[in-house]
Amino acid sequence: MAGASVPATPLLKDELDIVIPTIRNLDFLEMWRPFFEPYHLIIVQDGDPSKTIKVPEGFDYELYNRNDINRILGPKASCISFKDSACRCFGYMVSKKKYIYTIDDDCFVAKDPSGKDINALEQHIQNLLCPSTPHFFNTLYDPYREGADFVRGYPFSMREGAHTAVSHGLWLNVPDYDAPTQLVKPRERNTRYVDAVLTIPKGTLFPMCGMNLAFDRELIGPAMYFGLMGDGQPIGRYDDMWAGWCTKVICDHLGLGVKTGLPYIYHSKASNPFVNLKKEYKGIFWQEECIPFFQSATLPKDCTTVQACYIELAKQVKEKLGKVDEYFIKLADAMVTWIEAWDELNGTPAAAAANGSAK
Ligand SMILES: O=c1ccn([C@@H]2O[C@H](COP(=O)(O)OP(=O)(O)O[C@H]3O[C@@H](CO)[C@H](O)[C@H]3O)[C@@H](O)[C@H]2O)c(=O)[nH]1
Ligand SMILES: [Mn+2]
């Protein structure tokens, strides 16, 4: 493909929102301007709401701070984390677009091996608009990519593939390591550019990082709850992981695809490993219980919507993980609150009917 260029009419310009959680500043947008300026931004300002976050000139955006979240959600705001990047999921809820791209404010434009700037958003859009192959692995990776195809032995009956719900991008420079690994390898940097997009096979979980992530909000949005993290919670930095495990179980159940690989961004900032260890500490033990739970989770056939799947999953979290720690009982309740808030804001018919306002 010729070098990444800014497409004449940016793909999905009016169908995609860019969600950015920030507790710092948005100077990084200058580097993304050629790729991001045509799109609408949803900025979720974490931390002190009295602080003014300056948005660089020329961007079309809406900004929400904690006061806005409390005003809009009322008591249901309790499900949105404070002082953790998990707050970004509020942006998914208030968006009205079909697609979401979320990126951290310390992620910059990376260069591909030829030295060209990578338009990460364009690659994510391509990933989302092309089918996935979760039901049969293609050994030449993405068969829908220019210059590739399905290999011999790939069943023709399966070549239509599945709708892609999630596109999980990666990072050059500072990799998304957990605190113990960061402590042991403080200077390790990822310099390996792997030119591949893979579909994560059905039945396989993965560690979803929220730093460089895109998804089809209409297909899987309600499952992208980033949990109860940060202030007042016993755990942090498992926001995206929790969302990824719930999302993958629901995608597998609904026959949707999840891709990982290209595009890369350049992650510039390593957060403090000692602070991270405190946030992650309980998660390091709890994930040994959570993974078998998600691996064995099954959803009834009559769960045909993301909301129904998610409510069922919340029930199972309460029943099975509530025994591990009471945090999971709180989390299961917050998962239900999230769906109620999502349906209230997005006028999902069930909510409309519930309020007697169905026409
Ligand atoms: O209290 C907070 C802390 C941070 N943010 C915003 O969230 C993202 C990520 O912050 P940061 O770059 O400091 O975090 P990392 O350790 O590099 O990455 C973790 O964050 C998640 C991925 O997004 C995941 O847990 C880890 O990969 C920045 O935009 C901060 O401004 C916040 O809103 N509130
Ligand atoms: Mn970071």
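Refer to the structure printed above.
The present account deals with the structure reproduced in this document. (Residues numbered from 1 in each chain as written. Chains lettered and ligands numbered in written order. Predicted model: local features only at pLDDT ≥ 70, side-chain atom pairs only at ≥ 80, totals over all residues. Heavy atoms only, no water.)

## Points about the coordination of the manganese ion (ligand 2)
Next up, step 1: The protein atoms donating to the manganese ion (ligand 2) are Asp106 (OD) and His267 (NE2), with metal-donor distances spanning 2.0 to 2.2 Å. One end of the pair, aspartate 106, is in the loop between strand S4 (99-103) and strand S5 (107-109); the other, histidine 267, is in strand S9 (residues 257-267), and 161 residues separate them in sequence. Side by side, aspartate 106 and histidine 267 carry an identical accessibility label, which is buried. (Donors = N, O, S within 2.8 Å, 3.2 Å for Na, K, Ca; no water. Helix = DSSP H or I, 4+ residues; strand = E, 2+ residues; numbered from the N terminus. Buried < 20%, exposed > 50% of the residue type's maximum accessible area, 1.4 Å probe, protein only.)

## Considerations on the nonpolar core
Next up, step 1: Grouped together as the largest cluster of nonpolar side chains are 67 residues, with contacts concentrated most on Tyr225, Trp242, Tyr310 and Trp338.
Next up, step 2: The element that contributes the greatest number of residues to this core is helix H10 (residues 327-346), accounting for ten residues.
Next up, step 3: Counting 30 residues, the second largest nonpolar core, distinct from the first, contains Phe28, Trp32, Leu41 and Val109. (Core = buried A, V, L, I, M, F, W, Y, C linked by side-chain atoms within 4.5 Å.)

## Digging into the packing of helix H7 (residues 239-254) against helix H9 (residues 306-321)
Next up, step 1: Between H7 and H9, whose axes approach to 11 Å, the crossing angle comes to 125°. With respect to H9, the axis of H7 lies oblique. Considering only the axes of H7 and H9, their crossing is right-handed. On H9, the residues that touch Trp242, Cys246, Val249, Ile250, His253 and Leu254 of H7 are Val306, Cys309, Tyr310, Leu313, Val317 and Leu321.
Next up, step 2: Here the contact of H7 with H9 is composed, by residue class, of eleven nonpolar, one polar and no charged. (Axes fitted to C-alpha atoms, helices over the stretch in contact; angles between N-to-C directions. Parallel < 35°, antiparallel > 145°, perpendicular 65-115°, else oblique. Left-handed = near helix turned anticlockwise from the far one by under 90°. Contact = heavy atoms within 4.5 Å. Nonpolar A, V, L, I, M, F, W, Y, C, P; charged D, E, K, R; others polar.)

## Quick look at the site of ligand 1
Next up, step 1: Around ligand 1 there are 23 residues in total, and Arg88, Asp104, Asp105, Arg237 and Ser271 lie nearest to it.
Next up, step 2: Between aspartate 239 and ligand 1, the recorded distance is 3.1 Å, taken from a side-chain N or O atom to an oxygen atom.
Next up, step 3: Taken by itself ligand 1 offers 650 Å² of open surface, and the protein chains cover 91% of this.
Next up, step 4: Elements supplying a minimum of two residues to the shell around ligand 1: strand S1 (16-22) and H7.
Next up, step 5: Considering only residue class, the shell around ligand 1 consists of five nonpolar, five polar and 13 charged. (Near = heavy atom within 4 Å. Polar contact = N/O pair within 3.5 Å; in protein donor to acceptor, adjacent residues only side chain to side chain. Areas by Shrake-Rupley, 256 points an atom, 1.4 Å probe, with all protein chains shown as cover.)

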